[in-house]
Amino acid sequence: MKTDLLSNTLKMRAINPTAMRLLVLDRLMKSEIALSLADLEIEMDQADRTTIYRTLKKFEENKLIHSIEDGTGSIKYAMCESNCNCTPEFTHAHFHCNNCSQTFCLKNIHLPEIDLPKNFSIEQSSFILKGICDHCKS
């Protein structure tokens, strides 16, 4: 992906574009599945785990990516929509394949609005569907 596009994407979320941040962003933007820290570490052998982790956390803090706890014990990360502010209203479902262990964002399936009891407030929500993906069914 072009460096200017990547740099502008980071700047729009108030993130200073460093070489590592550009590499991580490029990889996340090209991926059709959510990626874990371990996935990125394998692909980016020139960087240490701590640097990649800090990059992911910075991206998440600035609402460029969201994290997914898919029940595997490994947090996965995926790009947010450009207008996302990572509030519960923007939360969409995720699908985890029990065969290939890949996790996909289902951006067109949003969580329903929940009418909570008085004085309750949602800070985080998650909806994970588990089964077999179309690639594994073939």
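Our structure's up above, just so we're on the same page.
What comes next concerns the included structure. All values derive from a computational prediction rather than experimental measurement.

1. Quick notes on the sheet that holds strand β6 (residues 128-131)
Inference 1: Taken in spatial order, the 3 strands make up an open sheet running β5-β4-β6, and their pairing is mixed. The sheet is open, and its two borders are formed by β5 (103-110) and β6, each paired with just one other strand. Recorded for the sheet is a direction-independent mean angle of 30° between the axes of neighbouring strands.
Inference 2: In terms of strand pairing, strand β4 (residues 92-97) meets β6 through 4 bridges, oriented parallel. When the sheet's bridge partners are listed, F95 is paired in β6 with L129.

2. Some words on the pairing of β5
Inference 1: Where β4 meets β5, 5 bridges bridge the pair, whose relative direction is antiparallel. Bridging from a neighbouring strand, H92 pairs with H110 of β5.

Calculation criteria
- Residues numbered from 1 in each chain as written.
- Predicted model: local features only at pLDDT ≥ 70, side-chain atom pairs only at ≥ 80, totals over all residues.
- Heavy atoms only, no water.
- Pairing = 2+ DSSP bridges.
- Helix = DSSP H or I, 4+ residues; strand = E, 2+ residues; numbered from the N terminus.
- Axes fitted to C-alpha atoms, helices over the stretch in contact; angles between N-to-C directions.

On their own, these measurements won't tell you what the molecule is for.
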